[in-house]
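Architecture and fold: a report
What follows is each chain in one-letter form.
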Amino acid sequence: DTAVSQTPKYLVTQMGNDKSIKCEQNLGHDTMYWYKQDSKKFLKIMFSYNNKELIINETVPNRFSPKSPDKAHLNLHINSLELGDSAVYFCASSRDENTGELFFGEGSRLTVL
Amino acid sequence: QKEVEQDPGPLSVPEGAIVSLNCTYSNSAFQYFMWYRQYSRKGPELLMYTYSSGNKEDGRFTAQVDKSSKYISLFIRDSQPSDSATYLCAIRGFSGGSNYKLTFGKGTLLTVNP
């Protein structure tokens, strides 16, 4: 039974389109995250939610909008996609916001053409 | 100066070798130190977690922290081909402080050759 699951695993789309990535965790964790991993494998935090409340909002273009309908779900919507948005997006969760033990999903590989 | 520096490698070693992976950090507010392992096309998974200076051992893996030098290391003894992965260090400060979010190094790609 997958702990942190993301869909879709792969997205290929044209510049200017809008896309969404969904994430769900069944670990009962309070905190969820979105990370972006670029082609050089650098993993950078984008957003974090704790019990559905936004607690980390890094310098990310406002074309990226996270939504947490409940503490088990954190979705990411991206408007007006650009070439530079091509990356692997990882969802993660943790017991609470104070721990460094994160559980990651398998990633969603976004390619913008 | 970047908050966390990690040599990206790649590092290629023969099976059975001792591997040393390292990170340096710049901010003494960082107090918690982690190593994550990421296999190709997978998400990172936590390997080791420590918050004090000194060594922590788990099987073939030893995490070492030197807060005075702001230097952390991961040693892998008797390395196996299954250890081939990217290893990322991750560091954070105390909760409530400005550095409490997890900051990752760029990762070191390790290949262990049979």
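Residues numbered from 1 in each chain as written. Chains lettered and ligands numbered in written order. Predicted model: local features only at pLDDT ≥ 70, side-chain atom pairs only at ≥ 80, totals over all residues. Heavy atoms only, no water.

**Looking at the interface of chain A and chain B**
Let me state the cut-off plainly: Contact definition: two residues touch when any of their heavy atoms are within 4.5 Å. One speaks of a salt bridge when a side-chain nitrogen belonging to Lys or Arg is within 4 Å of a carboxyl oxygen belonging to Asp or Glu. Numbering goes from the N terminus for both helices and strands, where a helix is a DSSP run of H or I of at least four residues and a strand is a run of E of at least two. Ten residues, namely Ala, Val, Leu, Ile, Met, Phe, Trp, Tyr, Cys and Pro, are considered nonpolar, four, namely Asp, Glu, Lys and Arg, are considered charged, and the remaining ones, Gly among them, are considered polar.
In this assembly, 22 residues from chain A lie in contact with 18 residues from chain B. The interface formed by chain A and chain B contains 1 salt bridge. Where Lys-42 of chain B meets Glu-106 of chain A, a salt bridge forms, and the shortest distance between an N and an O atom there is 3.1 Å. Of all the elements in the fold, those that place two or more residues in the side of chain A that touches chain B are β4 (31-37), β5 (43-50) and β6 (53-57) of chain A. Residues that form the side of chain A that touches chain B fall into these classes: 10 nonpolar, 5 polar and 7 charged.

**Focus on the nonpolar core**
For clarity, the threshold we go by: Here, the term nonpolar core denotes a set of buried Ala, Val, Leu, Ile, Met, Phe, Trp, Tyr and Cys residues that are joined through side-chain atoms within 4.5 Å. Relative accessibility under 20% of the residue-type maximum defines a buried residue, over 50% an exposed one, and the middle range a partly exposed one, all with a 1.4 Å probe and only protein chains included.
Counting 24 residues, the largest nonpolar core has Trp-35, Ile-72, Leu-74 and Tyr-87 of chain B as its most contacted members. Listed by contribution, the elements that provide at least two residues to this core are β3 (19-25), β4 (30-38), β5 (45-50), β7 (61-66), β8 (71-76), β9 (85-93) and β11 (108-113) of chain B. Beyond its immediate stretch of four places on either side in the chain, Ile-72 of chain B contacts Leu-21, Asn-22, Cys-23, Tyr-25, Phe-33, Trp-35, Gln-64, Val-65, Cys-89 and Ile-91 of chain B. Counting residues in hydrophobic clusters, the runner-up holds 19 residues, among them Trp-34, Leu-74, Ala-87 and Leu-110 of chain A.

**A word on unusual backbone geometry**
Residue and element names in this part refer to chain A. Between Thr-7 and Pro-8 the backbone carries a cis peptide bond, its omega angle lying at -5°. Mapped onto the elements of the fold, Pro-8 is located in the loop between β1 (4-7) and β2 (10-13). One non-glycine residue, Asn-51, adopts positive backbone phi at about 50°. Here Asn-51 shows up in the loop between β5 and β6. For Asn-51, a relative accessible area of 37% gives the class partly exposed.

**Topic: the layout of surface pockets**
Our working definition: Think of a 1 Å grid over just the protein atoms. A cavity is a set of points where a 1.4 Å probe fits yet cannot get out, a pocket is an open set with protein on both sides within 12 Å along at least five of seven lines, and lining residues have an atom within 4 Å of a point. Grid points are joined across faces, edges and corners, and a volume is the space filled by probe spheres set on the points.
If you add up the space inside the largest pocket, you get close to 330 Å³. What lines the largest pocket is a set of 20 residues, among which Gln-37, Lys-41, Val-88 and Arg-109 of chain A together with Arg-41 of chain B lie closest to the centre. Within the residue set of the lining of the largest pocket, elements represented by two or more residues are β9 (87-94) and β11 (108-112) of chain A. Classifying every residue of the lining of the largest pocket by side-chain character gives 5 nonpolar, 8 polar and 7 charged.

**Description of the pattern of salt bridges**
Tallying each qualifying case throughout the model produces 9 salt bridges over all chains. Of the charged contacts in the structure, one is a salt bridge between Arg-77 of chain B and Glu-57 of chain B, with a shortest N-O distance of 3.5 Å. Remark: Glu-57 of chain B occurs in strand β6 (residues 54-58) and Arg-77 of chain B occurs in the loop between β8 and β9; sequence separation between them is 20 residues. Members of the salt-bridge network, linked through shared partners, are Lys-9 and Glu-106 of chain A together with Lys-42 of chain B.

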